[in-house]
Amino acid sequence: MPRPIEALIHTQALAHNLARARAQAPNARVWAVVKANAYGHGIERAFEGLRGADGFALLDLAEAERLRALDWRGPILLLEGVFEPRDLELCSRLKLWHAVHCEQQIDWLAMHKTHEPHRVFLKLNSGMNRLGFPPAAFRAAYARLDALPQVDEIGLMTHFSDADAQRQGVDGIAHQLAAFEAAADGLAGERTIANSAATLRHPTRTAADWVRAGIMVYGGVPDFPEHDAAHWDLQPAMTLRSKVIAVQQLNPGDTIGYGSAYTCERATRVGIVACGYADGYPRHAPTGTPVLVDGARSRTLGRVSMDMLAVDLSELPASGFGSEVTLWGEGPHGSRLPIDEVAQPAGTIGYELMCAVAPRVPIRNA
Ligand SMILES: *Cc1c(COP(=O)(O)O)cnc(C)c1O
């Protein structure tokens, strides 16, 4: 028997969440963002639920090849563009659209020999200050691209730093939206500016021609805890579940796990679960992080170790050895534990937990 831990991928939930992105931005096309192996769900599995997208956005060329191998003939956008000149050959061959965020990428395009002009998205740095041309250089970059025979259509893109919240007391997008509108004013080309947070919170101002829906299609919430998955009508696309492999009946004063980080105040029945940080469960999840045992809410006790963690069974007399434990996602009997509720106490975000599910965890379709 393998260890009882597994990750389940919910194809229906992916399709539902994609439909939610469409409903938010009915006049835009939707890129399903599938970078990082579809946020840990697996490109191939995620594709089954997301094939209704208008395009797929990612940043790893090998992942783009995997999508083409699935016979996806529609648009694929490389969000960071190419990393070296020869990547452009793969773009020509696989018809990949690519972001252009710096002068070097334009230099490489200018030297690229191809009969297939490329579709590119020129990226503006509107204030995130990671990638993109500064506003003062944006039009010159556009003109450079426009003059290249290697370039077909030029789209325009930017990325928000604070679409999930406020920034300096006002809504998080106003300053970047203004920068984008000024820089793009009068330039021909499709626009894409919205991530999930903007698509959910600011759809009318940001939908443009394409939205880039990432976390929301996986059922994660970009602005938790201000809003939760129920508020946005998103369904978990991943369940991480395991089983109780041992039970300990402890007395007041007994401690649990490494560092004796939890001391029992009363008689406590403890379930030991086959899931640890080597599976991708966050080690920083403190005592009290929610879990479901046989679909009922309980909590972790003490430190998460490499292969195991402890849960409180004191209030769950019917549960014990062999009980099903839902670390996040869909539990039995219609129960559900949103990934955001686990990430928050662990000091992280649902994005990181999804992406961090370890290779040793078997993944299968629900
Ligand atoms: C990852 C990414 C997205 C998607 O972000 P979410 O918050 O997951 O929706 C959109 N655009 C760019 C450029 C990205 O890198």
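Conventions we followed
- Residues numbered from 1 in each chain as written.
- Predicted model: local features only at pLDDT ≥ 70, side-chain atom pairs only at ≥ 80, totals over all residues.
- Heavy atoms only, no water.
- Axes fitted to C-alpha atoms, helices over the stretch in contact; angles between N-to-C directions.
- Helix = DSSP H or I, 4+ residues; strand = E, 2+ residues; numbered from the N terminus.
- Parallel < 35°, antiparallel > 145°, perpendicular 65-115°, else oblique.
- Left-handed = near helix turned anticlockwise from the far one by under 90°.
- Contact = heavy atoms within 4.5 Å.
- Nonpolar A, V, L, I, M, F, W, Y, C, P; charged D, E, K, R; others polar.
- Buried < 20%, exposed > 50% of the residue type's maximum accessible area, 1.4 Å probe, protein only.
- Polar contact = N/O pair within 3.5 Å; in protein donor to acceptor, adjacent residues only side chain to side chain.
- Phe/Tyr/Trp six-rings, centres within 6.5 Å; stacked < 30°, edge-to-face > 60°.
- Lys NZ or Arg CZ within 6 Å of the ring centre and 35° of its normal.
- Near = heavy atom within 4 Å.
- Areas by Shrake-Rupley, 256 points an atom, 1.4 Å probe, with all protein chains shown as cover.
- UniProt positions renumbered as here; feature names shortened; annotations may be inferred.
- Pairing = 2+ DSSP bridges.
- Right-handed = clockwise from strand over helix to strand, strands pointing away.

1. Here's the deal with the packing of helix α4 (residues 61-69) against helix α5 (residues 87-94)
No. 1: Between α4 and α5, the shortest axis-to-axis distance is 11 Å and the interhelical angle comes to 15 degrees. When the interaxial angle is binned, α4 and α5 end up roughly parallel. Seen along the crossing, α4 lies across α5 with a hand that is left-handed. Contacts between α4 and α5 pair Leu61, Glu65 and Arg68 from the former with Asp87, Leu90 and Leu94 from the latter.
No. 2: Of the residues assigned to the contact of α4 with α5, the class counts are three nonpolar, no polar and three charged.

2. Brief notes about the side chain of Glu6
No. 1: Turning to its location among the elements, Glu6 is positioned in strand β1 (residues 6-9).
No. 2: Here Glu6 falls in the buried class, since its relative accessible area comes to 15%.
No. 3: Separated by 2.7 Å, the side chains of Glu6 and Arg241 make a polar contact.
No. 4: A polar side-chain atom of Glu6 sits 3.0 Å from a polar atom in the side chain of Arg364.

3. Quick look at the packing of aromatic side chains
No. 1: According to the stated counting rule, one finds eleven aromatic pairs in the structure shown.
No. 2: When the ring of Trp31 is compared with that of Trp97, the centres are 5.7 Å apart and the planes differ by 85 degrees; the resulting orientation is edge-to-face. Here Trp97 lies in strand β5 (residues 97-100) and Trp31 lies in strand β2 (residues 29-33), a separation of 66 residues in the sequence.
No. 3: Both rings, one in Phe47 and one in Trp72, keep their centres 6.1 Å apart while their planes meet at 75 degrees; by these two values the pair is edge-to-face. Of the two residues, Phe47 sits in helix α3 (residues 43-50) while Trp72 sits in the loop between α4 and β4 (76-78), which places them 25 residues apart along the sequence.
No. 4: Members of the aromatic cluster, each reached through a chain of ring pairs, are Trp31, Trp97, Phe121 and Trp210.
No. 5: Sitting over the ring of Trp97, Arg119 keeps its end group 4.0 Å from the ring centre.

4. A closer look at the environment of Gly334
No. 1: Inspection of the secondary structure puts Gly334 in the loop between β19 (324-330) and β20 (336-337).
No. 2: Since its relative accessible area comes to 72%, Gly334 is described here as exposed.
No. 3: With 273 residues separating them in the primary sequence, Gly334 and Leu61 have C-alpha atoms 39 Å apart.

5. Focus: the site of the ligand
No. 1: Near the ligand the following residues occur: Val33, Lys35, Tyr39, Leu79, His159, Asn195, Ser196, Arg212, Gly214, Ile215 and Tyr351.
No. 2: Interatomic distance of 2.7 Å between a backbone N/O atom of Ile215 and an oxygen atom of the ligand.
No. 3: For the ligand, the protein covers 92% of the area, taking 390 Å² as the surface of the free molecule.
No. 4: Residues that form the shell around the ligand fall into these classes: five nonpolar, four polar and two charged.

6. Describing the UniProt feature "modified residue: N6-(pyridoxal phosphate)lysine" (unreviewed entry) in the protein chain
No. 1: According to UniProt, the "modified residue: N6-(pyridoxal phosphate)lysine" (unreviewed entry) feature falls on Lys35.
No. 2: Its place among the elements puts Lys35 in helix α2 (residues 35-39).
No. 3: Judged by its relative accessible area of 28%, Lys35 is partly exposed.
No. 4: When near neighbours in sequence (up to four residues on either side) are disregarded, Lys35 contacts Ala57, Leu58, Leu59, Glu63 and Leu79.

7. Re the sheet that holds β2
Strands in a sheet are paired, the pairing made by backbone hydrogen bonds, and the direction either parallel or antiparallel.
No. 1: Spatially, β2-β3-β4-β5-β6-β7-β10-β11 is the arrangement adopted by the eight strands of the closed barrel, whose pairing is parallel. Strand-to-strand twist across the sheet, computed as the mean angle between neighbouring axes with direction ignored, equals 30 degrees.
No. 2: The strands touched by α4 are β3 (55-58) and β4; relative to β4, the strand with the most contacts, the crossing angle is about 175 degrees.

8. Some details on the pairing of strand β7 (residues 151-157)
No. 1: Within β7, five of the seven residues are buried, which leaves it mostly tucked inside the rest of the structure.
No. 2: Pairing geometry for strand β6 (residues 118-123) and β7, over five bridges, is parallel. Bridge assignment links Phe121 to a residue of β7, and that residue is Gly155.
No. 3: For the handedness criterion, the β-α-β arrangement of β6, helix α7 (residues 135-146) and β7 is classed as right-handed.
No. 4: Bridge count between β7 and strand β10 (residues 191-194): two bridges; the pairing is parallel. The residue of β10 that forms the bridge with Met157 is Thr192.

9. Observations regarding the environment of Val120
No. 1: Residue position: Val120 is located in strand β6.
No. 2: Expressed as a C-alpha distance, the spacing of Val120 and Val151, which sit 31 residues apart in the sequence, is 7.2 Å.
No. 3: Every residue in contact with Val120, bar those within four places of it in the chain, is listed here: His98, Val100, Leu109, Leu145, Val151, Glu153, Ile154 and Gly155.

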